[in-house]
Amino acid sequence: MFLVLNKKSSYSLTAFTLIELLVVIAIIALLSTLSVVALNNARAKARDARRLSDIKQISTALELYYSSNGIYPDLPSPTGTTITNLCLSELGITSTCGVDIYMKKIPSDPLKDAHYFYTPLASNLSFSLSYDEETITDCPANWVRVPGNTLYNTHSFCVMKYEAKIKGNDNGAQVYSSIYEPESRSSGTPWVNISQTNAKLECESIGAHLITEDEWLSIVRNLELQASNWTGGVIGSGQIPRGNSSGSAALDGTNELTGVNKRTHTLSNGEVIWDLAGNVYDWTDATILGKDQPTGSSTPVGFGWFEYSGLLNYGSLAPERLLPINNYNYIQGYGRIYSSGVSTNTTNYAFLRGGRWSGGAYAGVLALILNNGPGYSNTNVGFRCVR
């Protein structure tokens, strides 16, 4: 008996096609990428957890120092020295410890070349610690990440790099219309002629919110401790530039200017923000009654300009929400405050920060105008949003 084999039905090996191989390679590459991303995210979360632990420990040590000394320590000397790896004792924050040690070695940020920043405020009766978290949502294009701050209860957040512009329109001086949409970009002049009330609505329309006082102050407390933001190249030397404050009109975001009129400031994480001072006033979200405002007059009868170092009464605002470091004032580029403090003034006023293009020394990163209500609008008033 003979067995006949059918060649068509015989078993044979079939090789992968080129397309099948490419698909497999692509899948492997995708899985590898996802694994790396997941690992990096896990590491960033671990670093953020350590940062929060470090900040809590440093804060506790500072409170122990305060309990013993009645004030918080000065900035380490020379001004601008980071607190990383220094000792906190009765000697203050120094390279060598004294007898009463509150923290033998102040921890460093988990990332190389990153630091925590300490700022004593209000004659050393208050302090802030600035730290940068990695695991916040990635900031959109033309937005920057700002480190959080313990004093103002902020975690890292995204803010518009430029003052808000009208999407699709390079002329920001339009009659207000809710059909416009805000965006952050370099081209075009700032969106002005907008009230605080409408600025809040416009930020909310893009899933954001109008910058708060806490967020504005978190930015200032960070940038004032960066030597690159001082015209003398050292913290306290020269001025913090007050932006486009000696001009004749608002500018777009292409001409940085120089010297005291430089329009950019750099944060500790390397992010750059434009026009925090000068160009146009920016709304923040806060309001205050006239009678609760700070004043530099012993018998206030109306609104007036005051130096921060000359305030006699802070009203309902804590001094750490007003004052520059080291009792600096407009000479160092911080600007001035325009306020009332009249005991019978029960009108509600909104906060305008930063100054305008013609403000001169009245403009600055802490400049504050308190004589306009939430419904006020003008060609020199704009805003920026935060996510």
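Report follows, based on the coordinates. Being a predicted model, the structure only gives us computed values, none of them experimental.

Our next topic: the nonpolar core. The biggest cluster of nonpolar side chains holds 58 residues, and the ones touching the most others in it are Tyr-118, Val-159 and Ile-219. By size, the runner-up hydrophobic cluster in this structure holds 20 residues, among which are Met-160, Trp-283, Leu-352 and Ile-369.

This part is about the sheet that holds strand β3 (residues 101-103). Pairing in this open sheet of three strands is antiparallel, and the strands run β2-β1-β3 from one edge to the other. The sheet terminates laterally at β2 (92-94) and β3, the two strands that pair on one side only. Across the sheet, the axes of successive neighbouring strands diverge by a mean angle of 35°, strand direction being ignored. Relative to β2, strand β1 (residues 87-89) is paired through three bridges, and the arrangement is antiparallel. Residue Ser-89 lies in a different strand from β2, and its bridge partner there is Gly-92.

Here we come to the state of the cysteines. Every disulfide links exactly two cysteines, by a covalent bond between their sulfur atoms. In total, this model carries three disulfides according to the counting rule given. Covalently, Cys-87 is tied to Cys-97 through a disulfide, its sulfur atoms 1.9 Å apart. Taking the sign of the torsion about the S-S bond as the criterion, the disulfide between Cys-87 and Cys-97, at about 120°, is right-handed. On the criterion of sequence distance, the pair formed by Cys-87 in strand β1 and Cys-97 in the loop between β2 and β3 is long-range, its members being 10 residues apart. With its sulfur 2.0 Å from that of its partner, Cys-139 forms a disulfide with Cys-158. The sign of the S-S torsion, about -90°, decides the handedness of the disulfide formed by Cys-139 and Cys-158: left-handed. One end of the pair, Cys-139, is in the loop between β5 (126-131) and β6 (143-146); the other, Cys-158, is in strand β8 (residues 157-160), with 19 residues separating them in the sequence. Exposure remark for Cys-158: the relative accessible area of 4% places this residue in the buried category.

The rules behind each value
- Residues numbered from 1 in each chain as written.
- Predicted model: local features only at pLDDT ≥ 70, side-chain atom pairs only at ≥ 80, totals over all residues.
- Heavy atoms only, no water.
- Core = buried A, V, L, I, M, F, W, Y, C linked by side-chain atoms within 4.5 Å.
- Buried < 20%, exposed > 50% of the residue type's maximum accessible area, 1.4 Å probe, protein only.
- Pairing = 2+ DSSP bridges.
- Helix = DSSP H or I, 4+ residues; strand = E, 2+ residues; numbered from the N terminus.
- Axes fitted to C-alpha atoms, helices over the stretch in contact; angles between N-to-C directions.
- Disulfide = S-S within 2.5 Å.

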